[in-house]
Amino acid sequence: MTDRKQQQYGRSMIEMMGYIAVVMAFTVGIGHMISGAYGDYKFSKANMQITDLANSISKAGAIEENYSLIIDMINGTGEVTNTQKAEGLKLIPSSFRVKGRKIFHAFGGEVKIGIPASDDVSGTNYENKFYITFYNLNRNQCIDLAVKDWLKSKYTDLYAIIINGTSGAAWYWPAYTAAGGDNVLPVKRSAVAGTSATEDDGQCKDNNNNSIMWVFN
């Protein structure tokens, strides 16, 4: 009887360990699914934020000579009144986190809005344009946002995409390539992601300090 009880106990322990292993594997799988779904949600939100903010600024500036006043209202700079500053904050979509005058995108990095300088990209004139820049993007975030499809936008007129600052890569539509850009929009995933075969990391660096500037007419 004792040997039989010991055998049953041994089988029970093995069955229990197997059960625990299955539960752990299931839990890990669910965790990966949740993590993946959350990542997709974050990207979709960031993707929407760019479009919504660009549309908001574009519509607000439609009757202005240029975007300077609208940008000053949003940033709280220049000679705008307190009322105009308050109105400027209303132009920021509610999907963004705003702290004081600082704006943060879905991935947690800072967002800057402004009027591009004429020398942001050599030989390019940025008059009557505005930019939106997302900072602190990791490699995957940078790649996915860089290849965003702008062909379907109804309200905004994208002029250029600049990855990682003036020393990085500038992408233009074919009509604008003569303005100083060698890369033709839409952005090619192979260019921003690189190719392992050539040990090319691409234009989106492998860290959390990538930035993308979208310039709009």
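Here we summarise the structure given alongside this text.

### Description of the nonpolar core
Core analysis: the largest hydrophobic core is formed by 41 residues, its most contacted members being Ile-57, Ile-132, Phe-134, Ile-161 and Trp-214. Per-element accounting of this core gives the leading share, five residues, to helix 1 (residues 2-60). Those residues in contact with Phe-134, other than ones at most four positions away along the chain, are Ala-46, Gln-49, Ile-50, Phe-96, His-105, Glu-110, Val-111, Leu-145, Asn-210, Ser-211, Ile-212 and Trp-214. Counting eight residues, the second-largest nonpolar core is a separate cluster that includes Tyr-159, Ile-162, Ala-170 and Val-215.

### With respect to the side chain of Asn-164
In this structure, Asn-164 sits in the loop between strand 5 (158-163) and strand 6 (169-172). In this structure Asn-164 touches Gln-203, Cys-204, Lys-205, Asn-209, Asn-210 and Ser-211, once residues within four positions along its chain are discounted.

### Some words on the sheet that holds strand 4 (residues 130-137)
Here eight strands make up an open sheet; going across it, the order is 1-2-3-4-8-5-6-7 and the pairing mixed. What marks the edges here is a single partner per strand, and that holds for strand 1 (97-99) and strand 7 (183-184). In terms of strand pairing, strand 6 meets strand 7 through two bridges, oriented parallel. By the bridge assignment for strand 7, Tyr-172 is matched with Val-184.

### Some points on the state of the cysteines
Two cysteines whose sulfur atoms are joined by a covalent bond form what is called a disulfide. Counted under the stated rule, the structure contains one disulfide. Shown here is the disulfide that connects Cys-142 with Cys-204, its sulfur atoms set 2.1 Å apart. Taking the torsion about the sulfur-sulfur bond, which here is approximately -70°, the covalent link between Cys-142 and Cys-204 counts as left-handed. One end of the pair, Cys-142, is in helix 4 (residues 139-146); the other, Cys-204, is in the loop between helix 5 (189-193) and strand 8 (210-216), with 62 residues separating them in the sequence. Pair check on accessibility: Cys-142 and Cys-204 agree, each one buried.

### Topic: the pattern of salt bridges
Under the definition given, this model contains two salt bridges. A salt bridge links Glu-87 to Lys-90; the shortest N-O distance between them is 3.2 Å. Here the residue Glu-87 and the residue Lys-90 both occupy positions in helix 3 (residues 82-90), the gap between them amounting to three residues, near one helical turn. A relative accessible area of 37% means that Glu-87 is categorised as partly exposed. Lys-90 sits in the exposed class, given a relative accessible area of 62%. The residue Asp-144 makes a salt bridge to Arg-189 at a minimum N-O spacing of 3.4 Å. Here the residue Asp-144 occupies a position in helix 4, and Arg-189 occupies one in helix 5, the gap between them amounting to 45 residues. Look at Arg-189 and you get partly exposed, because its relative accessible area is 44%.

### Describing the environment of Asp-201
You can see Asp-201 is positioned in the loop between helix 5 and strand 8. For the pair Asp-201 and Ser-190, spaced 11 residues apart in the sequence, the C-alpha separation amounts to 9.8 Å. Those residues in contact with Asp-201, other than ones at most four positions away along the chain, are Arg-139, Val-192, Ala-193 and Gly-194.

Rules and cut-offs
- Residues numbered from 1 in each chain as written.
- Predicted model: local features only at pLDDT ≥ 70, side-chain atom pairs only at ≥ 80, totals over all residues.
- Heavy atoms only, no water.
- Core = buried A, V, L, I, M, F, W, Y, C linked by side-chain atoms within 4.5 Å.
- Buried < 20%, exposed > 50% of the residue type's maximum accessible area, 1.4 Å probe, protein only.
- Helix = DSSP H or I, 4+ residues; strand = E, 2+ residues; numbered from the N terminus.
- Contact = heavy atoms within 4.5 Å.
- Pairing = 2+ DSSP bridges.
- Disulfide = S-S within 2.5 Å.
- Salt bridge = Lys/Arg side-chain N within 4 Å of Asp/Glu carboxyl O.

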